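Commentary on secondary and tertiary structure
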Protein chains: 2
Amino acid sequence: MAIASEIYPNDRVNLREVGLRDGLQMVKTFPSTKAKKKWIEQEYAAGVRHFEVGSFLPASKYPMFADVQKVVEIIATLPDAHGAALALNKRGTIDALESGVAEIGCVLSASPEHNLANTRRSQKETLREIENLCRMRDATKHNPLVSVGIAMAFGCSISGSVASTAVLGLVEKCYDLGVDMVSLADTVGYAGPAQVAALSAEAHKISSGKILGVHLHDTRGMGIANASAALDEGVRMIDGAMGGLGGCPFAPNATGNVVFDDLVFLCETKGLKTGIDLEELMKIRELLKVEMPTEPLYGAVAKAGIPLGFEART
Amino acid sequence: MAIASEIYPNDRVNLREVGLRDGLQMVKTFPSTKAKKKWIEQEYAAGVRHFEVGSFLPASKYPMFADVQKVVEIIATLPDAHGAALALNKRGTIDALESGVAEIGCVLSASPEHNLANTRRSQKETLREIENLCRMRDATKHNPLVSVGIAMAFGCSISGSVASTAVLGLVEKCYDLGVDMVSLADTVGYAGPAQVAALSAEAHKISSGKILGVHLHDTRGMGIANASAALDEGVRMIDGAMGGLGGCPFAPNATGNVVFDDLVFLCETKGLKTGIDLEELMKIRELLKVEMPTEPLYGAVAKAGIPLGFEART
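Residues numbered from 1 in each chain as written. Chains lettered and ligands numbered in written order. Predicted model: local features only at pLDDT ≥ 70, side-chain atom pairs only at ≥ 80, totals over all residues.

1. Some thoughts on the relation of the copies chain B and chain A
Superposition of chain B onto chain A requires a rotation of 180° combined with a translation of 0.0 Å along the rotation axis, giving an RMSD of 0.0 Å. Taken together, the rotation and translation describe the operation of a two-fold axis. For chain B, the minimum C-alpha distance to the rotation axis belongs to B:Ala225 and amounts to 1.9 Å. Taken together, the interface assignments show that 100% of the residues at the interface of chain B recur at the interface of chain A, consistent with an identical surface on both copies. (Least-squares fit on C-alpha atoms with pLDDT ≥ 70 in both. Contact = placed C-beta atoms within 7 Å.)

Okay, structure coming up:
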């Protein structure tokens with residue numbers, strides 16, 4: 001049985017690689033299962049323990065996730081590695097529960113307009129599905145974690161501003177329904193650090209010991225600053241993607257999750273241990289260049305190198 | 001007579017465009033005087049009031065600054081615009097004092113090794129030159145401000161770590177010598193936000209009402225996070241360069257000041273007024289593309305656009 005506080009301990013920063021899911025959502029070329037295995041194993045060897053592995057979606061429409069079951073199994077072979085897969089509809093939920101994946105993720109948008117555009121469901125309907133998932137999960141033997149990403153939590157490219165009270169209401173509802181982790185997602189890169197700090201602080205207050213995470217995009221260059229603000233508020237679960245891969249089909253121009261290796265660097269400059277060897281981690285870029293030659297790979301530390309005397313400094 | 005607290009009021013954020021100086025230090029192509037005039041006038045129209053205009057250096061070696069006197073005069077025609085020029089040696093100091101520029105900037109490196117490599121002088125010798133400059137300044141009628149940028153204040157690409165006590169000692173000496181503004185420079189992009197916050201807080205304590213600024217490079221992707229940390233500590237003078245132009249000849253791979261328009265966006269997300277119209281500001285990029293076609297221009301907001309409902313949010 002998965003215990004959230006053991007999987008996401010709050011005495012260290014838990015950085016989750018979402019490149020294999022969010023990072024592949026919109027790419028033209030994607031890694032083979034063999035390459036995904038190498039990607040995971042190499043990052044695991046560098047110290048990464050949390051991965052989004054894919055999405056349970058029709059393989060015909062989403063060929064990049066056709067091997068999600070296999071990727072779930074790859075993660076399961078690695079001690080202490082934790083895999084999460086997305087389930088965005090009933091079929092996906094059933095498949096995810098059967099797959100044995102340790103965490104099932106859902107998406108609920110803080111913007112009613114975006115929730116409708118993204119899923120053709122109202123927020124109420126999505127909440128009902130989350131409730132059903134939690135019930136079905138409770139009936140399983142392996143009892144996976146359920147997590148919800150609150151999309152557009154900092155503003156929406158369809159409806160503009162999103163009231164923080166509305167976001168916090170959804171966060172509370174999710175925890176009440178039995179969700180183990182809620183993450184505040186800046187889906188289209190609208191957030192600034194003051195907003196991230198304020199919302200993280202408020203969300204923490206209602207989390208009553210459950211896990212709170214942030215999922216940040218670097219669309220407007222604020223990704224690392226926003227991560228820093230979340231860390232300062234005690235958030236200890238942050239998503240990132242190697243090379244800054246990823247985007248959202250309903251968010252025009254929204255390219256790029258916060259860069260995973262830059263995120264590791266940020267944490268280490270703050271004296272927050274990630275358990276990740278930055279030098280080793282960056283080597284995975286070579287594989288991505290080969291597997292996804294047409295995708296731009298972002299990352300500042302990878303370009304400039306680790307500072308001289310860096311280890312000594314932290 | 002220039003009064004520092006009026007030129008850099010602390011009830012607003014003073015963002016300084018250093019693209020015309022630090023941004024041109026290493027470029028292969030550079031704007032004509034006419035284009036510099038347009039650059040300044042267009043940014044001025046967008047609300048920018050602080051500019052680094054160039055460096056008093058031999059025109060034979062630094063052709064990009066050959067027109068510095070003319071640029072000083074362009075700034076002087078614009079009400080409330082404030083120009084600063086660098087003077088890095090005796091000849092430069094005399095020229096700068098005669099030019100009528102409102103602020104003369106010097107550089108002192110926090111790393112003895114870098115100070116020597118960069119200027120062929122010891123830190124003591126550089127401090128003596130700063131003292132001389134302050135005296136010569138006091139004897140002028142127009143009494144320009146004197147500012148010092150503490151290079152490598154957060155770590156050095158030649159010597160590694162730099163002790164914050166050493167930096168603070170130099171900051172204090174500069175203020176004691178009559179320097180009006182000291183800025184902490186992350187010359188090679190080694191800093192993280194916790195370090196910037198800590199050093200800014202300590203430096204503020206010894207500034208006794210004088211101006212404290214930060215000069216940040218985005219070399220390792222931390223530029224905006226570091227600016228955010230400095231703002232949180234009450235720093236109200238931050239350098240940036242349009243398009244993230246700039247670097248340091250003694251800092252290999254150190255490319256890019258923090259991006260000016262992204263910096264404006266950051267401040268506005270924090271509710272800190274810059275007096276700058278972001279939409280208008282970004283238009284200057286077209287000129288830079290024409291004048292410096294071989295230089296990469298960075299910037300996330302320019303690429304993704306201003307968020308929907310952004311004005312309403314701030």
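The structure having been displayed, the exposition proceeds.
2. Quick notes on the sheet that holds strand S1 (residues 14-17) of chain A
Residues and elements named next belong to chain A. Spatially, S1-S2-S3-S4-S5-S6-S7-S8 is the arrangement adopted by the 8 strands of the closed barrel, whose pairing is parallel. Taking each pair of neighbouring strands and ignoring which way they run, the sheet shows an average axis angle of 30°. Where strand S5 (residues 145-151) and strand S6 (residues 181-186) come together, 4 bridges link them in parallel fashion. Each bridged residue has a counterpart across the sheet, and for Gly149 the counterpart in S6 is Ser183. Most of the contacts of helix H3 (residues 68-76) go to strand S2 (residues 50-56), to which it runs at about 160°, and overall it touches S2 and strand S3 (82-87). The sheet contacts of helix H7 (residues 164-177) involve strand S4 (103-109), S5 and S6, and relative to S5 the element is tilted by about 170°. (Pairing = 2+ DSSP bridges. Helix = DSSP H or I, 4+ residues; strand = E, 2+ residues; numbered from the N terminus. Axes fitted to C-alpha atoms, helices over the stretch in contact; angles between N-to-C directions.)

3. Considerations on the pairing of strand S7 (residues 211-216) of chain A
All names here are of chain A. Burial analysis of S7 places 6 of its 6 residues in the buried class, which makes it a mostly covered element. Side chains of S7 alternate between two faces, with Ile211, Gly213 and His215 and Leu212, Val214 and Leu216 buried alike. Sheet topology note: the S6/S7 ladder contains 6 bridges and is parallel. Each residue of the ladder has a partner; that of Leu184, found in S7, is Val214. Where the polypeptide runs from S6 across helix H8 (residues 193-206) and back to S7, its parallel neighbour, the crossover connection is right-handed. Direction of pairing for S7 relative to strand S8 (residues 237-240): parallel, over a ladder of 2 bridges. Across the sheet, His215 pairs through a bridge with Asp239, a residue of S8. Read as a crossover between parallel neighbours, the route from S7 over helix H9 (residues 223-232) to S8 is right-handed. (Buried ≥ 20, exposed ≤ 12 C-beta atoms within 10 Å, placed from the backbone. Right-handed = clockwise from strand over helix to strand, strands pointing away.)

4. Some thoughts on the sheet that holds strand S6 (residues 181-186) of chain B
Spatially, 8 strands are ordered S1-S2-S3-S4-S5-S6-S7-S8 (chain B) in a closed barrel, and the strand pairing comes out parallel. With direction set aside, neighbouring strand axes in the sheet form an average angle of 30°.

5. A word on helix H2 (residues 33-46) of chain A
Residues and elements named next belong to chain A. In a regular helix each residue adds 1.5 Å, so 14 residues correspond to 20 Å; H2 covers 20 Å between its end C-alpha atoms and thus fits that length. Regarding H2, the residues found buried are Lys36, Trp39, Ile40, Glu43 and Ala46. Taken end-on, H2 shows its buried residues confined to a sector of 125°, consistent with a single buried face. If you follow the buried residues of H2, they end up packed against S1, S2, H3, helix H11 (278-282) and helix H12 (284-291). Just beyond H2, the residue with positive phi is Gly47, at close to 115°. (Expected span 1.5 Å × (residues − 1). Arc of directions from axis to C-beta.)

6. A short note on the packing of helix H2 (residues 33-46) of chain B against helix H12 (residues 284-291) of chain B
Angle between the axes and distance between the axes are the two parameters that describe a pair of packed helices. Residue and element names in this part refer to chain B. One can describe the packing of H2 onto H12 by two numbers: an axis separation of 10 Å at closest approach and a directional angle of 165°. By the angle class used here, H2 and H12 are roughly antiparallel. Between H2 and H12 lies a crossing whose hand is left-handed. Counting all contacts with H2, which are made through Ala35, Lys38, Trp39, Gln42 and Glu43, the residues of H12 involved are Ile284, Leu287 and Glu291. Of the residues in the contact of H2 with H12, the class split is 4 nonpolar, 1 polar and 3 charged. (Parallel < 35°, antiparallel > 145°, perpendicular 65-115°, else oblique. Left-handed = near helix turned anticlockwise from the far one by under 90°. Nonpolar A, V, L, I, M, F, W, Y, C, P; charged D, E, K, R; others polar.)

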